[in-house]
Amino acid sequence: PFNRNKHLRLLKLIIILLLLWGYALITGLSASVVRSTIMFSIIALGTTLKRNSNIYNSISIAAFFMLIYNPFYLLDISFQLSFSAVIGIVFIEKKIENLLTPKNKLGQACWTLICVSIASQLATLPFTIYYFHQFPNYFILTNLFVIFLTTFIVYTAITLLIISPITSMASIFGLLFKYEIRLLNFIVKFISDLPHSHTKNLWINQLETLMLALFIYCFIFFVFYKKNTCIV
């Protein structure tokens with residue numbers, strides 16, 4: 001009934017947009033947050049209008065409006081990493097995931113996280129080498145914990161924001177939020193301190209970065225999207 005009434009659908013859209021952009025403003029409007037906020041806004045608008053949204057169109061629209069607002073976003077590291085990561089996840093994550101089918105839900109959840117990690121790491125590899133001159137060897141292990149914990153941290157932060165006027169409840173969730181952050185930092189530092197956690201001193205110039213990105217995407221396209229043909 002809620003979705004059948006156009007006035008209620010419009011109210012729902014307004015509330016969603018206010019929450020999305022309110023969160024974006026609170027977090028400082030970084031390029032990655034703005035990108036995700038625009039994409040979710042498009043999805044919410046499409047749902048309200050009962051239109052299916054294409055993920056590639058959403059990514060393109062987000063990039064277009066961000067660059068119209070500030071063309072120098074193109075040179076922003078956060079912009080480059082955010083868009084390359086989401087394109088990589090959309091482009092190849094499902095293809096990698098289909099290579100293996102775990103028999104239980106826990107295995108499937110872990111495998112999905114691993115696939116997301118591999119896809120995003122491949123897509124951002126040229127930028128991580130160019131800007132940071134290193135490669136995280138334990139990125140799968142790190143992301144398994146980081147993605148899992150970050151989900152709880154986000155929900156805790158949103159809950160804390162909502163119940164902040166209630167002092168007693170806010171103090172409990174504030175304490176929980178603090179220890180979640182501490183646990184996340186401890187895990188990241190622990191993995192970072194493991195032997196051979198990084199391959200360092202990797203240096204490439206801008207042209208080599210572009211060539212590496214083209215090679216990765218061409219290789220992925222060849223492996224996962226090639227059509228079987230026969231020559232007669």
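Refer to the structure presented above.
This is a predicted model, so every value here is computed, not measured.

Student: If you had to explain the overall build of the protein to someone new, which residues and values would you point to?
Tutor: Looking only at helices and strands, one finds 8 helices and 2 strands in the protein. For the protein, the succession of helices and strands along the chain, N to C, is α-α-α-α-α-β-α-α-β-α. Along the longest, intermediate and shortest principal axes, the C-alpha atoms of the protein span 65 × 50 × 45 Å. When the 232 residues of the protein are sorted by exposure, 28% land in the buried category.

Student: Describe unusual backbone geometry, listing the residues and the values that go with them.
Tutor: For His133, which is not glycine, the phi dihedral falls at a positive 60°. Located in the positive-phi region is His196, a residue other than glycine, with phi close to 60°. Here His196 lies in the loop between α7 (167-192) and β2 (198-200).

Student: Requested: an account of the layout of surface pockets, with residues and values cited.
Tutor: Where empty space is left becomes clear once a probe the size of a water molecule has been rolled over the atoms. Approximately 1700 Å³ is the volume found for the largest pocket. Taken together, 37 residues make up the lining of the largest pocket; nearest its centre are Ser32, Arg35, Ser36, Thr150 and Val154. For the lining of the largest pocket, the elements supplying multiple residues, two or more each, are α1 (6-26), α2 (31-48), α4 (77-97), α5 (105-132) and α6 (139-162). A per-class count over the lining of the largest pocket returns 23 nonpolar, 13 polar and 1 charged. There is about 380 Å³ of room inside the second largest pocket. Considering the residues around the second largest pocket, the lining is formed by 15 residues, among which Gln80, Phe127, Thr209, Leu210 and Ala213 are closest to the centre. Listed by contribution, the elements that provide at least two residues to the lining of the second largest pocket are α4, α5 and α8 (206-225). For the lining of the second largest pocket, the leading source of residues is α8, giving 6 residues. For the lining of the second largest pocket, the class distribution of residues is 11 nonpolar, 4 polar and no charged.

Student: Describe the nonpolar core, naming the residues involved and giving the relevant values.
Tutor: Formed by Ala31, Val34, Ile38, Met39, Ile59, Ala62, Ala63, Met66, Tyr73, Phe79, Phe83 and Val86, the largest nonpolar core amounts to 12 residues. Counting residues per element, the ones that place at least two in this core are α2, α3 (55-69) and α4. Not counting residues up to four positions away in its chain, the partners in contact with Met66 are Ala31, Val34, Arg35, Ile38, Tyr73, Phe79 and Phe83. If you look at the next biggest cluster of nonpolar residues, it comprises 10 residues, including Ile92, Ala119, Leu125 and Ile220.

Student: Lay out the environment of Phe186 with the relevant residues and their values.
Tutor: Mapped onto the elements of the fold, Phe186 is located in helix α7. For Phe186, a relative accessible area of 56% gives the class exposed.

Student: Tell me about α6, and name the residues and values.
Tutor: With 24 residues, α6 ought to run about 34 Å at 1.5 Å a step, and its terminal C-alpha atoms sit 33 Å apart, in line with that. Tucked into the core, α6 has its buried residues touching α5, β1 (134-136) and α7.

Conventions adopted
Residues numbered from 1 in each chain as written. Predicted model: local features only at pLDDT ≥ 70, side-chain atom pairs only at ≥ 80, totals over all residues. Heavy atoms only, no water. Helix = DSSP H or I, 4+ residues; strand = E, 2+ residues; numbered from the N terminus. Buried < 20%, exposed > 50% of the residue type's maximum accessible area, 1.4 Å probe, protein only. 1 Å grid on protein atoms, 1.4 Å probe; cavity = no way out; pocket = protein on both sides within 12 Å on 5 of 7 lines; lining within 4 Å. Points joined across faces, edges and corners; volume = space filled by probe spheres on them. Nonpolar A, V, L, I, M, F, W, Y, C, P; charged D, E, K, R; others polar. Core = buried A, V, L, I, M, F, W, Y, C linked by side-chain atoms within 4.5 Å. Contact = heavy atoms within 4.5 Å. Expected span 1.5 Å × (residues − 1).

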